[in-house]
Amino acid sequence: MDQIRALQLRIEREQRARRAAEKIAEEKTRELFQINQALRVLTEDLQRRVDERTEELRGARDVALAASAAKSDFVANLSHELRTPLNAIIGYGEMLREDLHALDLEDLAHDSARILSAGNFLLVLINDLLDLEKIEAGQLATHLEEVEVAPILWSVVEIIRPDLEANNNTLELAIDPLASELVTDPTRLRQILHNLLSNATKFTRDGKIRVEIGPEHQGLRRTMAFAIRDSGVGMTPEQLGRVFQRFVQAESTTAQRYGGTGLGLALTRSLCQLLGGDITAISRPGQGSTFRFWLPWEIAGQ
Amino acid sequence: MKGMVFTELIEMIEARFSLELAESIIEACALPSGGAYTAIGTYDHAELVAIVVELAERTGAEIPQLIHAFGGHLFATFLKDRPALFAQMGGTFALLEHLDGTVHVEVRKLYPDAELPRFHAERRSPTHLALTYTSERGFADLAHGLIDASIAHYHEPITVTSEDLSAGRRAHVRFDLHHA
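Residues numbered from 1 in each chain as written. Chains lettered and ligands numbered in written order. Predicted model: local features only at pLDDT ≥ 70, side-chain atom pairs only at ≥ 80, totals over all residues. Heavy atoms only, no water.

Chemist: Where do I start with helix H1 (residues 3–16) of chain B in this structure?
Modeler: Note: α-helices contain 3.6 residues per turn, so residues at a spacing of three or four share the same orientation. The terminal C-alpha atoms of H1(B) lie 20 Å apart, and with 14 residues this matches the ideal 20 Å at 1.5 Å per residue to within 8%. When H1(B) is considered as a whole, its buried residues turn out to be B:Gly3, B:Met4, B:Val5, B:Phe6, B:Glu8, B:Leu9, B:Ile10, B:Met12, B:Ile13 and B:Glu14. Its buried side turned inward, H1(B) meets helix H1 (3–102) of chain A together with helix H2 (19–29), helix H3 (45–59) and helix H4 (63–81) of chain B. (Helix = DSSP H or I, 4+ residues; strand = E, 2+ residues; numbered from the N terminus. Expected span 1.5 Å × (residues − 1). Buried < 20%, exposed > 50% of the residue type's maximum accessible area, 1.4 Å probe, protein only. Contact = heavy atoms within 4.5 Å.)

Written out as structure tokens, the structure is:
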């Protein structure tokens, strides 16, 4: 084969190869276009489904929010409605007990005292429930002021002293001299301390309860830390994990044995958080519990 | 088999021998494709075999030798197309170790239907790499040519021995590379 013939053959071959390549390229281009179209349809379909789902979820969320708001309104209204007759029961119960006492009818006075005690328990429950609902609805207002810690603690101790004595518990108070004042809501601080101290008293017999208050740094933030330690029955890790949930007590038999509603610690935590702090608990069965909560020393910006 | 292999083989025949020989072989083989190869096409493997057999007959060279030389030619083509890849690998051991994991992955991105040989590299010691080639095409000599070209490219003192594990079919071969 001479060179010219070879070149001719090569040119023909190259031309055929070029046409084949063009055909392949065209086929590939068409294939890509079709895949692209299919992808676009798929994307549009996906987008449509996401939109539909989002709309469904939005609807479901609105229904749930409305139901929750309606429930909160209902609980708030009901609590108000319950409080009015309950105040009458407690008021007249006190009068009755005093009258019976004056008449030396001690048996009947004792019975009326039990009615009174049940009425007071119901009132605490209703108040706690109302507070929790208000916190959840963002309607519980706080009134911040400079507060002296010691007098508040003493007022709480006075209230729980009968229970302390009834359970034969001793109380130790350790207040750091630096922890004299902080800016917070005194009513809510009193409520927190009362809940924790009355719990400690309730679950401890022939034991010791110790309250420690002192300044503490959380990062760069100055806080006031409160620890309430008791040598009482304590809790298992499982019980501890659920202790701040609503209507949960360490054991279902706790209410029968120690009283209480299971709202107190849920409310206590909500109050701590409302005041800008938080609460934790550690405990071991048979070795007592320690509840520690902290509050900001001063309000941000002040 | 990918068209690139065919176009490169013809190019090698033209470069090493002559244009006339290349066209004469294509004409004599009466190939179904007519030899109108394009790199993006796919062609019957038997056409490649026919061309190599005809080339051996015309030149008097051994078929394994020709396939080995084709391996060297392909290495030069790869090097020209992807200089960065070879610079990044830096040596024959690294290149061979990355064949299946990196290089063939890149090939598959472009040609999903490419039927590639499998290379299993095993570093038996810092200076000993065992590379096992597996392909029904039986082109172990092409792999050998690529390995030798790589060693020459990186100027490495590596000796290569091979053992055919497929009873002479050249479909399953272990190469032992020893770095001095």
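Chemist: Honestly, the interface of chain B and chain A in this entry has me stumped. Any pointers?
Modeler: Quite often, the size of an interface is put as the accessible area lost when its parts meet. Each partner contributes to the interface: chain B provides 15 residues, whereas chain A provides 15 residues. For the pair chain B and chain A, the summed buried surface comes to about 1,200 Å²; carbon and sulfur atoms form 62% of the total. Looking only at chain B, the three residues that lose the most surface to chain A are B:Leu19, B:Glu20 and B:Glu23, adding up to 40% of its buried area. Where chain B touches chain A, the interface holds three salt bridges. The salt bridge involving B:Glu14 is made with A:Arg10; its shortest N-O contact spans 3.2 Å. For the side of chain B that touches chain A, the secondary-structure elements that each account for two or more residues are H1 and H2 of chain B. With six residues, H2(B) is the largest single contributor of residues to the side of chain B that touches chain A. (Buried area = accessible area lost by both parts, 1.4 Å probe. Salt bridge = Lys/Arg side-chain N within 4 Å of Asp/Glu carboxyl O.)

Chemist: Is there a simple way to think about the side chain of B:Lys2 in this case?
Modeler: Residues and elements named next belong to chain B. Assignment of secondary structure puts Lys2 in the segment before H1. Polar side-chain contacts of Lys2 include one of 3.1 Å to the side chain of Thr42. Beyond its immediate stretch of four places on either side in the chain, Lys2 contacts Ile40, Gly41, Thr42, Tyr111, Asp113 and Ala114. (Polar contact = N/O pair within 3.5 Å; in protein donor to acceptor, adjacent residues only side chain to side chain.)

Chemist: Even after reading the chapter, I still don't get the sheet that holds strand S4 (residues 208–218) of chain A, so can you show me in this structure?
Modeler: Strand pairing within a sheet occurs via backbone hydrogen bonds; the two strands may be parallel or antiparallel. Residue and element names in this part refer to chain A. Reading across the sheet, the five strands line up as S2-S4-S5-S7-S6 and stay open at both edges, with mixed pairing between neighbours. A strand with exactly one partner marks an edge of an open sheet, and here the two such strands are strand S2 (170–175) and strand S6 (278–283). On average, adjacent strands in this sheet sit at an angle of 15° to one another, irrespective of strand direction. Inspection of the sheet shows S4 paired to strand S5 (residues 221–230) by 10 bridges, in the antiparallel sense. Bridging from a neighbouring strand, Pro215 pairs with Met224 of S5. Sitting on the sheet, helix H4 (residues 186–202) touches S2, S4, S5, S6 and strand S7 (289–296), and the angle it makes with S5 is about 25°. (Pairing = 2+ DSSP bridges. Axes fitted to C-alpha atoms, helices over the stretch in contact; angles between N-to-C directions.)

Chemist: Any chance you could explain the pattern of salt bridges here in plain terms?
Modeler: Any two side chains of opposite charge can pair, on the condition that their charged atoms come close. Going through the model one piece at a time under the given rule, you end up with 28 salt bridges over all chains. Measuring nitrogen to oxygen at the nearest pair gives 2.8 Å for the salt bridge that ties A:Arg13 to B:Glu23. Placement of A:Arg13 in helix H1 and of B:Glu23 in helix H2 is noted, with the two residues assigned to different chains. The salt bridge involving B:Asp176 is made with B:Arg174; its shortest N-O contact spans 3.1 Å. B:Arg174 carries the same exposure label as B:Asp176, and that label is buried. One connected set of salt bridges, linked through shared partners, spans A:Glu172, A:Lys208, A:Arg210, A:Glu212 and A:Arg229.

Chemist: Is there a simple way to explain the sheet that holds strand S3 (residues 158–164) of chain B in this structure?
Modeler: Residues and elements named next belong to chain B. Spatial strand order, S1-S2-S4-S3: four strands in an open sheet with antiparallel pairing. What marks the edges here is a single partner per strand, and that holds for strand S1 (118–125) and S3. When strand polarity is set aside, the average angle formed by the axes of neighbouring strands in this sheet is 20°. Strand direction decides the pairing type here: strand S2 (residues 128–134) and strand S4 (residues 172–179), joined by seven bridges, are antiparallel. By the bridge assignment, Thr132 is partnered in S4 with Arg174.

Everything listed here is a matter of geometry and, on its own, says nothing about what the molecule does.
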